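Spelled out from the first residue to the last, the chains are:
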2 protein chains.
Amino acid sequence: MRAAILAIGSELLGTERLDTNSLRLTAALDRHGVELRKKSVVGDSEAELAAEVRALLGRVDLLLVTGGLGPTADDVTREAVAAALGRGLHLDPEVSAALEARFRAFVRRMPEVNRRQAQVIDGAVVLPNAHGTAPGLRIDTRWEEREATIFLFPGVPHELEGMIADALEPWLAERSAGTARSSVTLKISGLPESEVEERIAPAYEEFGRESITILAGGGEIKLIATAAGPEGERTARLAVMADRLALLAGDAVYTRNADDTLEQVVGELLRQAKATLATAESCTGGLLAERLTRIAGSSDYFPGGVVTYSNAEKSRLLGVPPELLAEHGAVSEPVARAMAEGARRSFSTDYGIGITGVAGPGGGSEEKPVGTIHVAVAGPGGRVAHRRFRFPGGRERVRWFASQLALEILRRLLLDVSRPAGSTADPGQVAKAVESLWR
Amino acid sequence: MRAAILAIGSELLGTERLDTNSLRLTAALDRHGVELRKKSVVGDSEAELAAEVRALLGRVDLLLVTGGLGPTADDVTREAVAAALGRGLHLDPEVSAALEARFRAFVRRMPEVNRRQAQVIDGAVVLPNAHGTAPGLRIDTRWEEREATIFLFPGVPHELEGMIADALEPWLAERSAGTARSSVTLKISGLPESEVEERIAPAYEEFGRESITILAGGGEIKLIATAAGPEGERTARLAVMADRLALLAGDAVYTRNADDTLEQVVGELLRQAKATLATAESCTGGLLAERLTRIAGSSDYFPGGVVTYSNAEKSRLLGVPPELLAEHGAVSEPVARAMAEGARRSFSTDYGIGITGVAGPGGGSEEKPVGTIHVAVAGPGGRVAHRRFRFPGGRERVRWFASQLALEILRRLLLDVSRPAGSTADPGQVAKAVESLWR
């Protein structure tokens with residue numbers, strides 16, 4: 001099966017936005033071994049869109065269209081696709097009723113323009129949208145003597161995501177038995193890309209360079225191993241590859257699940273250790289707390305934190321002695337340590353994290369240039385781990401890396417008290433690494 | 001002149017990378033008033049690429065192709081475009097000599113494969129590449145009775161950037177005298193897209209539907225007005241359009257600068273009012289503080305905030321009476337108000353924001369379903385503004401919308417004390433709107 005993706009929206013032809021939806025669709029196609037031949041983007045022009053649909057139908061069997069299903073006048077996908085196929089449109093009473101019910105649930109009157117979203121192309125199958133107003137459509141058609149299928153999806157990312165799971169994946173699964181590809185992703189933090197590359201070099205030779213991809217970004221590394229073929233064989237091969245890569249990369253691997261985030265893994269370790277955590281942030285301004293609380297259920301181990309942007313608040317809320325601030329400055333090891341201890345003490349938690357640094361663009365000095373960060377983690381028994389680091393890049397990047405470093409230090413400390421199931425790291429090595437963190 | 005952009009490369013059809021080069025090309029087209037009709041991506045297949053070139057030449061006058069000019073076997077752009085146009089290829093001795101000289105300059109022998117890069121399509125103009133080995137090509141052709149021009153550029157971003165400046169911009173400038181385009185962006189928060197659409201409907205008729213775009217996302221709306229023509233005329237027209245749109249949309253317009261964020265505008269208003277702010281967050285978990293501190297210099301008006309995820313911490317850090325929590329529950333108007341007042345009091349600031357809600361996916365009830373948010377803003381004189389809202393979508397979205405709502409309420413309250421320069425909102429209307437917020 002050959003597929004194409006067509007994204008609709010004049011904003012996607014501007015200088016600001018890219019069609020990121022196609023990445024999600026591509027992932028779904030990949031999982032079912034369907035080859036993507038082409039992606040295209042056209043604006044909100046009915047004629048242009050209809051012409052593109054006709055051109056694509058001549059070349060592929062499966063056409064995935066996103067966007068242009070909204071209620072406003074520039075949403076022309078329904079009309080354009082109907083025109084391209086020479087079909088009519090009708091108002092679907094069931095869809096219309098569902099739309100009205102949805103607005104009622106949010107105690108809002110349905111604007112009259114939204115009724116356009118109940119227009120359905122003749123012969124199309126309506127695909128319910130669990131997360132928004134615009135339903136999707138599936139149209140099976142014949143084009144130049146061949147069968148072809150068109151899916152129309154909304155362009156709003158989380159609505160699309162729901163419909164990929166609910167409508168597209170099951171449809172693909174029925175048609176792709178035996179040709180599927182799959183992959184496993186190992187995520188690594190606390191190591192530079194070049195070192196990961198060196199560590200895993202033997203695996204390139206053992207499994208073939210094509211089957212392993214390294215991606216760096218956001219202060220972490222993804223190692224993606226891919227295998228194709230019948231399910232049993234594929235799954236077995238992936239398990240072997242993942243084990244081998246994990247062994248080579250060591251305990252820097254924090255998960256084997258592409259969807260896991262570092263804050264999620266740390267949260268799970270806290271939960272396993274029945275431990276609690278509080279945060280004290282200066283330059284990260286709440287980013288660490290925000291990341292920890294992205295995880296549903298984080299209230300089980302995270303009672304809260306403080307953002308102490310001013311020195312006065314560092315003293316008032318965390319008990320950092322004003323003399324310490326005066327002597328060493330807010331961006332210093334003693335202050336980071338005092339913040340971590342203050343957070344732990346004041347929230348009565350097992351662990352406390354303190355972060356202070358110069359996020360930039362201003363505020364740097366020769367001694368403490370922009371990007372300088374001190375992270376401290378206070379733990380049971382009054383021990384405090386501390387790391388100083390200097391990150392390159394702008395304010396946003398420095399803040400992100402600082403939160404990443406804080407989570408990674410805590411993860412390593414927690415590994416010591418709560419070995420996760422399936423960890424391949426050598427216990428002796430971990431103990432040694434953790435011991436050096438506390439120093 | 002109508003243009004299309006075609007990016008070549010199988011890696012651009014995967015799940016990890018997007019064609020970001022097109023943004024740079026679009027910006028150059030924009031500057032010269034050339035309309036981009038379509039973007040597409042195809043893999044490293046000669047047949048697919050040739051078919052796409054032929055399809056695009058039927059629809060546009062200018063085709064910008066990036067990628068596939070490298071030395072390896074999967075770089076097929078030269079061959080495919082030659083085939084699409086029915087032209088031959090020849091080895092250009094000058095290009096070949098320049099390639100060899102480039103390798104000598106880096107004290108390297110030229111690999112034999114690189115000689116492919118000296119292949120030039122018959123009749124093409126060679127475009128020197130100051131930053132890499134692959135030269136670009138420009139081909140002027142006739143296609144279906146019309147003149148068309150094709151540019152072939154390398155896909156390496158910094159090489160492309162150099163060639164846009166050296167080859168594309170001068171070519172566009174010669175052809176676009178007086179037709180350049182520019183745009184102005186109004187950003188709106190606190191209104192749904194359909195209401196903005198209704199409000200600005202008259203402007204569609206006055207200026208033409210094509211010249212105004214509405215984009216919704218992240219809890220705000222962008223209104224983009226575009227004008228073409230000679231510079232003076234264009235600037236004047238944009239100013240008229242922006243004024244008219246601002247008048248129609250009302251004081252929901254928080255900026256006329258596409259780069260401004262809501263947290264930035266609120267920060268500027270705080271600065272103008274010489275006021276300070278503290279935050280008390282429950283369900284947003286630090287997101288509001290994190291957004292406020294994205295702005296360099298925010299320490300001038302933001303001394304800090306607290307994340308009180310547990311009830312105990314709401315009482316300890318913010319003085320929320322335990323009876324209030326017991327009687328109304330943490331997600332309630334009285335608790336949001338007490339949090340806002342507690343933040344204002346404990347940080348000794350002019351304003352305090354309290355946010356409490358059910359971000360989901362768990363924790364919802366019939367009375368307080370997932371997405372229910374209470375935001376309170378305590379201000380000078382002991383007044384407290386409060387809003388209850390229910391947002392659709394997942395945890396991340398609900399949290400974002402809650403932070404957006406909090407910033408928007410504060411912005412409106414600050415508008416009352418600190419009129420921004422250039423605000424077109426009617427002072428009487430603002431006063432009324434603000435008065436209703438405090439109730």
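Residues numbered from 1 in each chain as written. Chains lettered and ligands numbered in written order. Predicted model: local features only at pLDDT ≥ 70, side-chain atom pairs only at ≥ 80, totals over all residues. Heavy atoms only, no water.

A. Region of interest: the sheet that holds strand β10 (residues 212–217) of chain A. Residues and elements named next belong to chain A. On the basis of which strands lie adjacent, the open sheet formed by 4 strands has the order β10-β11-β9-β12 and antiparallel pairing. Edge positions in the open sheet fall to β10 and β12 (253–255), since each of these has one partner strand only. For this sheet, the mean angle separating the axes of adjacent strands, direction not counted, is 35 degrees. Examined bridge by bridge, β10 and strand β11 (residues 220–228) share 6 bridges and lie antiparallel to one another. Counted as the bridge partner of Ile212 is Ala225 from β11. (Pairing = 2+ DSSP bridges. Helix = DSSP H or I, 4+ residues; strand = E, 2+ residues; numbered from the N terminus. Axes fitted to C-alpha atoms, helices over the stretch in contact; angles between N-to-C directions.)

B. Here's a closer look at the nonpolar core. Of all hydrophobic cores here, the largest spans 39 residues; its most connected members are Tyr351(A) and Ile355(A). Counting only elements with at least two residues in this core, the list comes to α8 (262–272), α9 (287–292), β15 (351–357), β16 (372–378), α13 (395–417) and α14 (427–438) of chain A. Counting residues per element, this core draws most heavily on α13(A), which supplies 10 residues. The residues touching Ile355(A), leaving out its near neighbours within four places in the chain, are Ala280(A), Glu281(A), Ser282(A), Cys283(A), Thr284(A), Leu288(A), Met339(A), Ile373(A), His374(A), Val375(A), Ala402(A) and Ala406(A). By size, the runner-up hydrophobic cluster in this structure holds 38 residues, among which are Ile295(B), Ile353(B), Ile355(B) and Leu405(B). (Core = buried A, V, L, I, M, F, W, Y, C linked by side-chain atoms within 4.5 Å. Buried < 20%, exposed > 50% of the residue type's maximum accessible area, 1.4 Å probe, protein only. Contact = heavy atoms within 4.5 Å.)

C. Expanded view of the environment of Ala165(B). Residue and element names in this part refer to chain B. By the element assignment, Ala165 lies in helix α5 (residues 157–175). Among the residues examined, Ala165 registers a relative accessible area of 47% and is labelled partly exposed. Remark: the alpha-carbon pair of Ala165 and Glu145, spanning 20 residues in sequence, is separated by 30 Å.

D. Here's a closer look at the pairing of strand β2 (residues 35–42) of chain B. With respect to burial, β2(B) is a largely interior element, 6 of its 8 residues being buried. Bridge count between strand β2 (residues 35–42) of chain A and β2(B): 5 bridges; the pairing is antiparallel. Residue Val41(A) lies in a different strand from β2(B), and its bridge partner there is Lys39(B). Tracing the backbone out of strand β1 (residues 2–8) of chain B, into helix α1 (residues 21–31) of chain B and back to the parallel element β2(B) gives a crossover that is right-handed. (Right-handed = clockwise from strand over helix to strand, strands pointing away.)

E. Inspection of helix α8 (residues 262–272) of chain B at higher detail. Along α8(B), the positions that sit buried rather than exposed are Leu262(B), Glu263(B), Val265(B), Val266(B), Gly267(B), Leu269(B) and Leu270(B). Following α8(B) by one or two positions, Lys274(B) has its phi on the positive side, about 50 degrees.

F. Structural view of the interface of chain A and chain B. Every contact between the two is made by 71 residues of chain A and, on the other side, 71 residues of chain B. Buried area between chain A and chain B, summed over both chains or domains, comes out near 5,400 Å², and the portion from carbon and sulfur atoms is 55%. There are 10 salt bridges connecting chain A and chain B. For the salt bridge of Arg37(A) with Glu48(B), the shortest nitrogen-to-oxygen distance reads 2.9 Å. Examining the composition of the side of chain A that touches chain B, we find that 7 residues originate from one element, β2(A), more than from any other. Looking at the side of chain A that touches chain B residue by residue, the class counts come to 29 nonpolar, 21 polar and 21 charged. As judged from the 5 bridges shared by strand β14 (residues 304–308) of chain A and strand β14 (residues 304–308) of chain B, these two strands associate in the antiparallel manner. (Buried area = accessible area lost by both parts, 1.4 Å probe. Salt bridge = Lys/Arg side-chain N within 4 Å of Asp/Glu carboxyl O. Nonpolar A, V, L, I, M, F, W, Y, C, P; charged D, E, K, R; others polar.)

G. Quick look at the packing of aromatic side chains. On inspection of all chains with the given rule, the structure shows 10 aromatic pairs over all chains. For the pair Phe151(A) and Trp171(A), a centre-to-centre distance of 5.3 Å together with 85 degrees between the ring planes defines the contact as edge-to-face. Here Phe151(A), found in strand β8 (residues 146–153), pairs with Trp171(A), found in helix α5 (residues 157–175); they are 20 residues apart in sequence, far enough to count as distant. By relative accessible area, which is 9% here, Trp171(A) ends up buried. Feature note: the residues Phe151(A), Phe153(A) and Trp171(A) constitute an aromatic cluster, connected by ring pairs. Seen from the ring of Tyr204(B), Arg209(B) lies directly overhead, with NZ or CZ sitting 4.0 Å from the centre. When the ring centre of Trp400(B) is taken as reference, the NZ or CZ atom of Arg291(B) above it lies at 3.8 Å. (Phe/Tyr/Trp six-rings, centres within 6.5 Å; stacked < 30°, edge-to-face > 60°. Lys NZ or Arg CZ within 6 Å of the ring centre and 35° of its normal.)

H. Structural view of the layout of surface pockets. In this structure, the second largest pocket occupies an estimated 1,200 Å³ of space. Of all elements in the fold, only α1, β2, β9 (181–189), β10 (212–217) and β11 (220–228) of chain B reach the threshold of two or more residues within the lining of the second largest pocket. (1 Å grid on protein atoms, 1.4 Å probe; cavity = no way out; pocket = protein on both sides within 12 Å on 5 of 7 lines; lining within 4 Å. Points joined across faces, edges and corners; volume = space filled by probe spheres on them.)

I. Up close: the sheet that holds strand β12 (residues 253–255) of chain B. Residues and elements named next belong to chain B. Pairing is antiparallel in the open sheet, where 4 strands are placed in the order β10-β11-β9-β12. Edge positions in the open sheet fall to β10 and β12, since each of these has one partner strand only. Strand-to-strand twist in this sheet, taken as the mean axis angle between neighbours without regard to direction, amounts to 35 degrees.

J. Local environment of unusual backbone geometry. Pro361(A) follows Gly360(A) through a cis peptide bond whose omega is 0 degrees. Tracing the backbone shows Pro361(A) in the loop between β15 and β16. The backbone of Ser348(A) sits at a positive phi, close to 50 degrees, despite the residue not being glycine. Following the sequence through the fold, Ser348(A) ends up in the loop between α12 (333–346) and β15. Although it is not a glycine, Glu145(B) sits at a positive phi angle of roughly 75 degrees.

K. A look at the side chain of Ser189(B). Residues and elements named next belong to chain B. On the secondary structure map, Ser189 appears in strand β9. Taking relative accessible area as the criterion, Ser189 reaches 1% and is therefore assigned buried. Among the polar contacts made by the side chain of Ser189, one reaches the side chain of Glu408 at a distance of 2.2 Å. Ser189 has contacts with Gly219, Glu220, Ala252, Tyr254, Leu262, Gln404, Glu408 and Arg412, leaving out every residue within four places of it along the chain. (Polar contact = N/O pair within 3.5 Å; in protein donor to acceptor, adjacent residues only side chain to side chain.)

L. Region of interest: the pattern of salt bridges. Following the criterion strictly, the structure yields 63 salt bridges over all chains and no others. Measuring nitrogen to oxygen at the nearest pair gives 3.3 Å for the salt bridge that ties Glu35(A) to Arg37(A). Judged by relative accessible area, Arg37(A) falls into the partly exposed class, the value being 24%. The partner of Arg271(B) in a salt bridge is Glu268(B), with the nearest N and O atoms 3.9 Å apart.

None of the figures reported here should be taken as evidence of function without further support.
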